[in-house]
Amino acid sequence: MNRIKLFITRSLSVAALLLTISVATLAQEQPLQIKYWLAMSHPNSHLFEVTIEVPLPADAKMRSLDFQMPKWSPGRYAVFDFAKNVQEVKAWPVCPAGLDCTLPNLMVTRIDDQTWTAELNSFNPAGLSLMFSYKVFANDLSGTFSQLNSRHANFNGGCIFMYVVNHKQDPVSLSIKAPQGWRIVNGRMDKKNQTEWQFSNWDIMIDTPTEIAADWTEDDFNVDGKTYHVIVHSMGSEAGKRPALVRDIEKIVRAETAMWGPPEFDSYSFLIHFANDGHSNDGMEHLTSTQIIEPGALANPGMYEETLDAIAHEFFHVWNVKRLRPIELGPWDFTRPANTRGLWIAEGITNYYGHLMQRRASLWDDAKLLSTLAGQITEVENSAGTKLMSAEESSLSAPFIDDAPHAQQTNLSNTSISYYPKGEILGLVLDLLIRGKTKGKASLDDVMRRMYDEFYLKSANATYYLRGRGYKNEDFEHITSEVAGANMSDFFKRYVRGVEVPPYEDAFAQVGLRFIRQPRLPVSVGITVDDEYSANLKLSAVRSDSPAAIAGLEVADIITNFGGVKLTPANFLKTLAGYKPGDRVALTVQHNGRVVQTSLVLGEPTLFDYRIEEIKNAPAEVKALRTTWMNGK
Ligand SMILES: [Zn+2]
Ligand SMILES: [Zn+2]
């Protein structure tokens, strides 16, 4: 034991005697001033170096401090267990400023799959700071994971920073040491070349994705006194398209702020990557920024339009889900997956407006909007799962269906539906029905604004995390009924909590549109074809209770002969077009390594294509409703 340590121990035992009861109570409530350092000294190692400094309170009873890696992070609901990439954890005490001392490392014990305990009981801690450090491997460019390599560092805090257990609500600071020549940027820049930040709590720190590289570009614009930064890191050719992209992003910002009113920030950053690696593809919402990652180069066909589609969706989240939020979405318990019934609103309705806003921003014409909406209806109504899983149940299943890895085989292709398209079509139908019921006096826009006003702007803060309070689905239902001037509970019972087909015809008729359904094929087999296998027809999914299932076909079976025809993905649809329901067809199938002769009886059509057409002779007032819907007036 060295001199300084003895000194600290002696003075503290006096303090501890005097303050035993009050200090013990204070220590629970007293916030810690937690400081994070992030370094990246060897980018090619893909290892971020994290150090957390915790000044220890004068609490003689504090025997240990727990540090925890979240199991998932907000916006993506699959459980990824970020702790799996943590290595080389250690802890040590540092002496008070001005004092020269040497203290041994502290014992760190991993106590479960996400938690490490630093033991403090070998010395009396007051006046000391605990330093806790580890490395974390990161080599995925995404809205959830992080990447460090020779080109850049791009991090999302949830998979990088542990929180101090029971102190997630405390203020934190972050200091970043970037490699020579690299510049740091995120959605919370107060000045150029900033390297230090203060955050009101850990949740806000991890809501601040950050890009660090030598060669990102920045283009700015202003809308209604707010500054927007478009940060682009291109790994491929831009073909001179960036200036136009920035102008079109501004159109989206104008369209969305026109609906919501001025956003609650001074500046906002679009962090965009054109990864040009063929696979990195994501979009993630944050309070003052978004991360958009496209798999191609901006010069590639379609990449420009895909980027705007992502921008329109993610920017809408500034209001819907980041500030106006289901009660379960912030603050979060990161020891278990989120369970909310509200993702059909938070994500699905955002998807709907993401599309509608591209029309309102004049990036899309009427036909593009209608064909996109018809495409969403086609996706939902042709899925087997939509008949089994409601919008609310889909929301609760998010940990399984939001990009979740599955080690075991699942039947989710038959039993689940994504809350993105399902919520989108419910938002669409609700919007049109409200417009019809109120003769254009109100719409879903009003529902969303009322929700934002009541739950975000005007509610007292319910938690440390953010302004306002979260809503329940019942709140959304209640406000929808109020805005519609009619009791909408039947809609929620049948189409939100139930699995009935929404009243599409009725909804589109409100705005002078006709909804048309046509069978895609005259018959059904009940299989999904593996497009990557071209030699024969390989099954990637078999629908429950379908002709194929009744005939005993399974996933991975290969149909080599279908009624005398050598079947391939290329001639599959043409071949089926020659049959009618009830026809029996002889098959040759490679099944579990054996060649089997069997037959199946073709069923009635189950797959349909949907179209939305203008009713030319609709009354003028109905056409006017359509114009205000599309233009947002
Ligand atoms: Zn980058
Ligand atoms: Zn989203």
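This text follows the structure it describes.
Predicted, not measured: the structure shown is a model, and the values here were computed from it.

A.B. asks: Can you lay out the nonpolar core for me, pointing to particular residues and giving the numbers?
C.D. replies: In this structure, F161, F270, F476 and W629 are the most contacted members of the largest nonpolar core, which totals 152 residues. Setting aside residues up to four positions removed in sequence, F476 forms contacts with W344, I345, I349, L430, L444, V447, M448, M451 and F492.

A.B. asks: Any details on the coordination of the zinc ion (ligand 2)? Residues and values, ideally.
C.D. replies: Working reference: metal with six octahedral donors, ideal angles 90 or 180 degrees; metal with four tetrahedral donors, ideal angle 109.5 degrees. Protein-derived ligands of the zinc ion (ligand 2) are H313 (NE2), H317 (NE2) and E347 (OE), with the metal-ligand distances lying across 2.0 Å. One chain supplies every donor to the zinc ion (ligand 2), and in sequence these donors are spaced H-x3-H-x29-E. Taken together, the positions of H317 in the loop between α4 (303-316) and α5 (343-360) and E347 in helix α5 put the pair 30 residues apart, joining distant regions of the chain. The same class applies to H317 and to E347, which are both buried.

A.B. asks: Please provide a residue-by-residue account of the coordination of the zinc ion (ligand 1), values included.
C.D. replies: The coordination sphere of the zinc ion (ligand 1), as far as protein atoms go, consists of H152 (ND1), E211 (OE), E211 (OE), H233 (ND1) and H273 (NE2), spread over 1.9 to 2.7 Å. Summarised as a motif, the one-chain spacing of the donors to the zinc ion (ligand 1) is H-x58-E-x21-H-x39-H. Highlighted residues: E211 in strand β14 (residues 210-213) and H233 in strand β16 (residues 226-234), separated in sequence by 22 residues. The residues E211 and H233 share a single accessibility class, namely buried.

A.B. asks: With reference to specific residues and values, describe the sheet that holds strand β2 (residues 47-55).
C.D. replies: Pairing is mixed in the open sheet, where 6 strands are placed in the order β4-β7-β2-β1-β11-β13. Unpaired on one side and paired on the other, β4 (86-94) and β13 (196-199) mark the two borders of the sheet. On average, each strand axis in the sheet is tilted by 15° relative to the strand beside it, whichever way the strands run. Both β4 and strand β7 (residues 129-137) contribute to a ladder of 7 bridges, which runs antiparallel. Paired with K90 across the bridge in β7 is S133.

A.B. asks: Go over helix α11 (residues 444-457) with me, naming the residues and quoting the values.
C.D. replies: With 14 residues, α11 extends 18 Å from end C-alpha to end C-alpha; this agrees with the ideal 20 Å at 1.5 Å per step. Considered for burial, the residues of α11 that qualify are L444, D445, V447, M448, M451, Y452, F455 and Y456. Within α11, the buried residues cover an arc of 160° as seen down the axis, which keeps them to one side. The secondary structure elements touched by the buried residues of α11 are α3 (242-260), α5, α10 (419-437) and α12 (473-484). Its side-chain oxygen at 3.1 Å from the backbone nitrogen of D445, S443 defines the N-terminal cap of α11.

A.B. asks: Give me the lowdown on the pairing of strand β25 (residues 584-591), citing residues and values where you can.
C.D. replies: Look at any regular strand and the pattern is simple: side chains alternate between the two faces of the sheet. Looking at chain direction, strand β23 (residues 558-562) and β25 are connected through 4 bridges and run antiparallel. Within β25, the residue paired with I559 across the bridge is V589. Remark: 2 residues form the turn of the hairpin made by β25 and strand β26 (residues 594-601), two consecutive strands paired antiparallel; N592 in that turn has positive phi of roughly 50°.

A.B. asks: Please provide a residue-by-residue account of the packing of aromatic side chains, values included.
C.D. replies: The tally for this structure, following the rule as stated, stands at 40 aromatic pairs. In this structure, K538 packs its charged tip against the face of Y533, placed 5.5 Å from the ring centre.

A.B. asks: Explain unusual backbone geometry to me, and be specific about the residues and the numbers.
C.D. replies: P331 follows G330 through a cis peptide bond whose omega is -5°. By the secondary structure assignment, P331 is in the loop between α4 and α5. Notably, D403 is not glycine yet its phi reads approximately 65°, a positive angle. Locating D403 in the fold gives a position in the loop between α8 (398-401) and α9 (412-415). D403 sits in the exposed class, given a relative accessible area of 53%.

A.B. asks: Account for the sheet that holds strand β19 (residues 289-294), with residues named and values stated.
C.D. replies: What holds strands together in a sheet is hydrogen bonding between their backbones, with the strands either parallel or antiparallel. A sheet is described by the order of its strands in space; here 5 strands give the open sequence β15-β16-β17-β19-β18, paired in mixed fashion. On the outer flanks of this sheet lie β15 (217-223) and β18 (282-285), each paired with one strand and no other. Neighbour-to-neighbour, the strand axes of this sheet turn through a mean angle of 15°, independent of strand direction. Inspection of the sheet shows strand β17 (residues 267-274) paired to β19 by 6 bridges, in the parallel sense. Looking across to β19, one finds that H273 is bridged to I293. The sheet strands contacting α3 are β15, β16 and β17, and the helix crosses β15 at an angle near 35°.

About the cut-offs
- Residues numbered from 1 in each chain as written.
- Chains lettered and ligands numbered in written order.
- Predicted model: local features only at pLDDT ≥ 70, side-chain atom pairs only at ≥ 80, totals over all residues.
- Heavy atoms only, no water.
- Core = buried A, V, L, I, M, F, W, Y, C linked by side-chain atoms within 4.5 Å.
- Buried < 20%, exposed > 50% of the residue type's maximum accessible area, 1.4 Å probe, protein only.
- Contact = heavy atoms within 4.5 Å.
- Donors = N, O, S within 2.8 Å, 3.2 Å for Na, K, Ca; no water.
- Helix = DSSP H or I, 4+ residues; strand = E, 2+ residues; numbered from the N terminus.
- Pairing = 2+ DSSP bridges.
- Axes fitted to C-alpha atoms, helices over the stretch in contact; angles between N-to-C directions.
- Expected span 1.5 Å × (residues − 1).
- Arc of directions from axis to C-beta.
- Polar contact = N/O pair within 3.5 Å; in protein donor to acceptor, adjacent residues only side chain to side chain.
- Phe/Tyr/Trp six-rings, centres within 6.5 Å; stacked < 30°, edge-to-face > 60°.
- Lys NZ or Arg CZ within 6 Å of the ring centre and 35° of its normal.

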